[in-house]
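What follows is each chain in one-letter form.
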Amino acid sequence: MTDKKQNAVKDVFENASEYAKHYDPSQFFDKIKEFGKKAGSKVVFAALLLFYAVKSENMPLKEKGYILGALGYFILPFDLIPDFIPIVGYGDDFAVLFATVRMISAYIDPQVINDAKFRLTEWFGEVNDADLEQVLKILS
């Protein structure tokens, strides 16, 4: 992971409550609708896992704070690496989302995975699990 991505992850975890203020479910879906294809299925899948995981009754409050911080960071248009920069613009977002998924992986149940895959398929059409392997690996 590059220094910028590591710094983004550290910043989001240290300031989760500040980033969480930017989280709004409708803005989350607007962001995915607008940039989902550019960000790619891995980024969207990780974001959807967090979106559904935060609603889980099994998720501890502290972890919910980290999730909301990560989703707030994802929504912000101007973060460490601006999203409008082709390809690399979502690198920091993915690093933050991926690190958060890893942190809360013990609380992600099969229903959360199924809900995220279902929504991803609705938006992207049929998605091959191999495309999501990097995210799914940390859930095993």
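Above this text is the structure in question.
Given the structure is predicted, the values throughout are model-derived calculations rather than measurements. (Residues numbered from 1 in each chain as written. Predicted model: local features only at pLDDT ≥ 70, side-chain atom pairs only at ≥ 80, totals over all residues. Heavy atoms only, no water.)

Attention now goes to the side chain of Ser56. Tracing the sequence through the fold places Ser56 in the loop between α4 (41–53) and α5 (61–75). Among the polar contacts made by the side chain of Ser56, one reaches the main-chain amide nitrogen of Asn58 at a distance of 3.1 Å. Not counting residues within four places of it along the chain, the set of residues in contact with Ser56 comprises Lys64 and Asp109. (Helix = DSSP H or I, 4+ residues; strand = E, 2+ residues; numbered from the N terminus. Polar contact = N/O pair within 3.5 Å; in protein donor to acceptor, adjacent residues only side chain to side chain. Contact = heavy atoms within 4.5 Å.)

Here we come to helix α3 (residues 25–39). Between the first and last C-alpha of α3 there are merely 18 Å, a value that for 15 residues lags more than 12% behind the 21 Å anticipated at 1.5 Å per step. Helix geometry: α3 is bent most strongly at Lys33, by close to 45°. Contacts from the buried residues of α3 go to α4, α5 and α7 (110–124). (Expected span 1.5 Å × (residues − 1). Bend = angle between axes of the 7 residues up to and from the residue.)

Here the structure, examined in full by the defined rule, presents 2 salt bridges. Across the pair Lys21 and Glu18 runs a salt bridge, and its minimum N-O distance is 3.1 Å. Measuring nitrogen to oxygen at the nearest pair gives 3.2 Å for the salt bridge that ties Arg119 to Glu122. With Arg119 and Glu122 both in helix α7 and 3 residues apart, the pair spans about one turn of that helix. (Salt bridge = Lys/Arg side-chain N within 4 Å of Asp/Glu carboxyl O.)

In terms of nonpolar packing, the biggest core is built from 48 residues, with Phe28, Phe45, Leu49, Leu97 and Ile108 touching the most fellow members. Of all the secondary structure elements, the ones that give two or more residues to this core are α1 (3–14), α3, α4, α5, α6 (91–104), α7 and α8 (133–137). If one sorts the elements of this core by residue count, α4 sits on top with 11 residues. Not counting residues up to four positions away in its chain, the partners in contact with Phe45 are Ile113, Ala116, Lys117, Leu120, Leu132, Val135 and Leu136. (Core = buried A, V, L, I, M, F, W, Y, C linked by side-chain atoms within 4.5 Å. Buried < 20%, exposed > 50% of the residue type's maximum accessible area, 1.4 Å probe, protein only.)

Here the focus is the environment of Ile104. Tracing the backbone shows Ile104 in helix α6. We classify Ile104 as buried; its relative accessible area is 0%. Residues Ile104 and Ala53, spaced 51 residues apart in sequence, show a C-alpha to C-alpha distance of 8.6 Å. If near-sequence neighbours (up to four positions away) are discounted, Ile104 is found in contact with Leu50, Ala53, Met59, Glu63 and Ile67.

Bringing the packing of α1 against α6 into the picture now. Packing of α1 against α6 brings their axes to within 9 Å, and their N-to-C directions diverge by 55°. Accordingly, the angle class assigned to the pair α1 and α6 is oblique. Read as a crossing pair, α1 and α6 show a hand that is right-handed. Contact residues: Lys5, Ala8, Val9, Val12 and Phe13 in α1; Gly91, Asp92, Ala95, Val96, Ala99, Thr100 and Met103 in α6. (Axes fitted to C-alpha atoms, helices over the stretch in contact; angles between N-to-C directions. Parallel < 35°, antiparallel > 145°, perpendicular 65-115°, else oblique. Left-handed = near helix turned anticlockwise from the far one by under 90°.)

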